[in-house]
Amino acid sequence: MSAKARARKEILMGNQALGRGLVENGVAVMTAYPGTPSSEILPAVVQYGAELKSPPYVEWSVNEKVAMEVALAAAYTGRRSAVAMKMVGLNVALDPVMSAAYIGVIGGMIIVSADDPGPHSSQTEQDSRLLAHFAKLPVFDPDSPAAARDLVAPAYALSERHQIPVMIRPTLRVCHGRQNLNLKAPKELGREAVFTKDPFRWAAIPKMRLALHQALNAKLAKIQAEVSASKTLNTWHAPVRPRARLGILASGVAAALARDLLAELGLPVDQGRIPFLQTSVPYPLPLGPVNQLLDSCQRVLVLEETEPVLELLAPRRERLWGRGSGHVPSAGELTPEVLGGVLERALNEARLKAPRPKGKVLSVPDQPPMRRPNLCPGCSHRAVFFSLKKGLPGGVYPSDIGCYTLGLNQGAVDTCHDMGAAVTFAHALSRSLNEGEQATPVAATIGDSTFYHSGITGLVNAVYNGARFVLVILDNETTSMTGMQPTPENGLTADGHPGHAVELRKLVEGCGVRWIDELDPYDLGETQKTLKKAWRWTQKPEGGVAVIIARHACAAHRPAEAVPAPCRVEVRGAAAPVKTSFKPKLNPCADCGRCVAICPVGALRRTGKGRIKVDKAKCTGCRLCAQVCPTGTMVLEPAGACVACGLCSTWFACPALAADSEGYISIDRDWCVDCGLCAEVCAQGAIAPMEVLS
Amino acid sequence: MSALSWQAVVAGVGGQGVLFVSRALATALEPKVKGILISEVHGMAQRGGAVVSHLKAGAYSGPLVSPGSAEMVLALDPGEAVRNLSYLAAGGWLVVNAPDLGFLSAKGKKALASFGARAVTVPASELAREAGAAKGANVVLLGAAAAAGALPVDPAEVERAITQGQPEARARANRELLALGAGAAEEA
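What counts, and at which threshold
- Residues numbered from 1 in each chain as written.
- Chains lettered and ligands numbered in written order.
- Predicted model: local features only at pLDDT ≥ 70, side-chain atom pairs only at ≥ 80, totals over all residues.
- Heavy atoms only, no water.
- Helix = DSSP H or I, 4+ residues; strand = E, 2+ residues; numbered from the N terminus.
- Rg over C-alpha atoms; globule rule 2.2 N^0.38 Å.
- Buried < 20%, exposed > 50% of the residue type's maximum accessible area, 1.4 Å probe, protein only.
- Contact = heavy atoms within 4.5 Å.
- Areas by Shrake-Rupley, 256 points an atom, 1.4 Å probe, with all protein chains shown as cover.
- Lys, Arg positive; Asp, Glu negative; His and termini not counted.
- Charge placed at Lys NZ, Arg CZ, Asp CG, Glu CD.
- Buried area = accessible area lost by both parts, 1.4 Å probe.
- Salt bridge = Lys/Arg side-chain N within 4 Å of Asp/Glu carboxyl O.
- Polar contact = N/O pair within 3.5 Å; in protein donor to acceptor, adjacent residues only side chain to side chain.
- Domains from an automatic or database assignment.
- Patch = residues over 30% accessible without salt bridge, like charges linked within 9 Å, V, L, I, M, F, W, Y side chains within 5 Å.
- Axes fitted to C-alpha atoms, helices over the stretch in contact; angles between N-to-C directions.
- Parallel < 35°, antiparallel > 145°, perpendicular 65-115°, else oblique.
- Left-handed = near helix turned anticlockwise from the far one by under 90°.
- Nonpolar A, V, L, I, M, F, W, Y, C, P; charged D, E, K, R; others polar.

Q: Please clarify how the overall build of chain A should be interpreted in this entry.
A: In terms of regular secondary structure, chain A is built from 25 helices and 25 strands. Over its C-alpha atoms chain A spans a radius of gyration of 29 Å, differing by no more than 12% from the 26 Å that the globule rule assigns to 694 residues. A principal-axis box enclosing the C-alpha atoms of chain A has dimensions of 95 × 65 × 55 Å. Expressed as a percentage of its 694 residues, the buried residues of chain A come to 57%. Taking the contacts inside chain A whose residues are at least 6 apart along the sequence as the reference set, 76% of them involve residues at least 24 apart. For chain A, the computed accessible surface area is about 27,900 Å², with 55% contributed by carbon and sulfur atoms. In chain A, 75 positive and 64 negative side-chain charges are present, and the distance between their average locations comes to 4 Å.

Structure (structure tokens):
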């Protein structure tokens, strides 16, 4: 097929456009760790790379630091490389990033760090452009999928001309936007990898780093002059004119949206009423055109996401309207709603009139409640969280980043901080909480991919320092939240090149863990028993960190395997609620406190030795206390019908369990996947398996 | 190429196939317009959360629709229809997966009518389930929107967009779901 025949028009997602751009520009090595909104870039390189005779080498690295280093050293050999991650991944990679500008590259290197203003799917709203500035790396800021693709060529060119990695910073609206664009032909550069020994550069000691830093500063000055002179990296949507009351300096999606909003206000940029400079290079800021804008306008409104970067780097800040002056909000995405308000205020204060009145907006009083995301029906994480609360009641449950953060809905996720913090937080919390007599169970949950990413070091640290807690590794053999990328566990690689499996159990053993059990969390009884056993072991003199590997197929990834014995459940008709009664005279109370610890609504109180008081107003009749009572003092018979106790809704939180206005449960067949787990959750025998399905 | 410009908001809940609808609309519109921009939602929101996709066809540069600017709001869930009504342009089309406008209060219905909105309500989930394709409500609703005249393209072009490149069995099933929605829209 000729190159021309391969050029075609397609609607691509921004991440695919970036991947396409990399392949069109001869990327030879690409690494990434998945993370919304960046996850689709590497698969696009795999897809488009397959059109080449020798496709680029690609890998899902174990974490972003590793990904960064692999791509960086690949570029030392003169070949073009790229690394992609979400912006919090850039934090993980920051150590090698900081040195990358000093030491530089030979072949072009692009760092894609995808930001998430909003945030929609992230822990922070941080702006990677600030980190690029901090690390002294040039950064490009595309405003659309097409721009993201088009910036790859100048980014590689700049990178090779100045032997410095270049960052491309798309935001979520670019990554997960779609746009029609003309595809160019994929390209192979066919460069031989050559590693030229140069220890004064590749292994520079601190003394040489000073010289490298000085050279870097000179490089950046040259780059600044170049980008200042560039006609393609800076766009005058409306040219400067003398004594304009207001001008706009913008980059990224905010620049694109501002153009549309101005058109809606009857001030389309092509009429030229408001000078409008868009730059693709926030750092080093193209001072030439920026100064031209500032010279001619009384005020300049700066529009960018998410932090002030153009604003902080621009001269004459007293003329700027932006985050510093309070014209632009300092948190949150610049949606049309927000940006519309910003533009209106700026036009007003500059005494400019919008020719077209704002369109009418319909408002109705029937706004629905916010819809919380939830684990998929049939997800085994839900089973783990239920067992955790039932097996180790009153415990503290640190968790981590992934689908399973949604265990929040079940009250079984107490902390979520950064990748791997479940392990380190469990270490710290168990040490602090259990210094004296108090024995609060601490049981952490972490996903398999997150464990490989950043859990291992924390686990080694915890074992080494004598920590005592239970760690449950939720092992579904895939990275579910970000789109089912493979993990080291199964040895599958990003493009199917040969690799080797890194067995999870052996890895945990290798971290020094002496108590390991593997189980299928769909067995709720066994899971609860094991959790108790594990916690007891952690508290023994010889105890330490106990690890449970809870292994079950992901319900979204491998639905057939996830529901091994499908059965149709029904909810038996409503019965009048029955309240718990404490009958100490029948059986002697063991004073174990289990009932008090497990009561989900705090209806039980210890009033004296062997005496429990039941607050009948609070009691929902869920029967958990009766189930855990070892002596049969706490009495409550199963109702055999739904009593609207709410236990399944709050502790199991399956989207298929629909509660009516009074709290009585029915099965929503649109959601139910017939996993049958809720039948075991219901302590009334109300939710019952009716029919075993083949 | 005409100077057509058209904006829409497609809304629903994770798992309902919102993104499929906006991509199908984009494919149908692409030959007629200067540019296509879609904004999608991925990641955590897809796990049963609210999913919304903005579509801008024409000479636009930004990927998000401004309030009061969408010629159509198509919702696979009545609650999500309400949540996204602020995007509807005066006189625009509201296409909802619901038997009627019962999800709105009397006040809400009045506001919708005085806004000049044209409403199409079709119980798409029910129709899809009866046809043995529980996940096909999105295609049923798309068929209803096309038949009601809510789209700037012919129903035939929508059909082409959602059947092209698909195996014959899948294409046939989609054609049937489109027809189901079209029939329901005509009845209503």
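So, next bit.
Q: Mind showing me how you'd approach the interface of chain A and chain B here?
A: You'll often see interface size given as the accessible area lost when the parts meet. Listed per partner, the contact involves 48 residues of chain A and 49 residues of chain B. In this assembly, chain A packs against chain B so that about 4,100 Å² is buried in total across both faces, 56% of it on carbon and sulfur atoms. Considering only the surface of chain A that becomes buried against chain B, R178, L362 and R371 of chain A emerge as the three largest contributors, covering 19% of it. Salt-bridge contacts for R371 of chain A lead to E80 of chain B; the nearest nitrogen and oxygen are separated by 2.9 Å. The interface formed by chain A and chain B includes 18 residue pairs in polar contact (both at pLDDT 80 or more).

Q: Would you mind going over the domain arrangement of chain A with me for this structure?
A: As far as domains go, chain A holds domain 1 (3-228), domain 2 (234-349), domain 3 (380-492 + 499-559) and domain 4 (567-692). Between the C-alpha centres of domain 2 of chain A and domain 4 of chain A the distance comes to 59 Å.

Q: Where do I start with a positive patch on the surface in this structure?
A: All names here are of chain A. There is a patch of like positive charges on the surface, built from K532, K533, R536, K540 and R594. Top contributing element to the positive patch by residue count: helix 20 (residues 524-539), with three residues. Looking at the element boundaries, K540 is found in the loop between helix 20 and strand 17 (546-551). K540 sits in the partly exposed class, given a relative accessible area of 41%.

Q: I would appreciate a short explanation of the packing of helix 2 (residues 14-24) of chain A against helix 3 (residues 41-49) of chain A in the present structure.
A: Each pair of packed helices can be summarised by the angle the axes make with each other and by the distance between the axes. All names here are of chain A. It is the contact of helix 2 with helix 3, at a shortest axis distance of 8 Å, that shows an interaxial angle of 50°. Taken as axis vectors, helix 2 and helix 3 run oblique relative to one another. Read as a crossing pair, helix 2 and helix 3 show a hand that is right-handed. On helix 3, the residues touching N15, Q16, L18, G19, R20, L22 and V23 of helix 2 are I41, A44, V45, Q47, Y48 and G49. Partitioning the contact of helix 2 with helix 3 into residue classes produces seven nonpolar, five polar and one charged.

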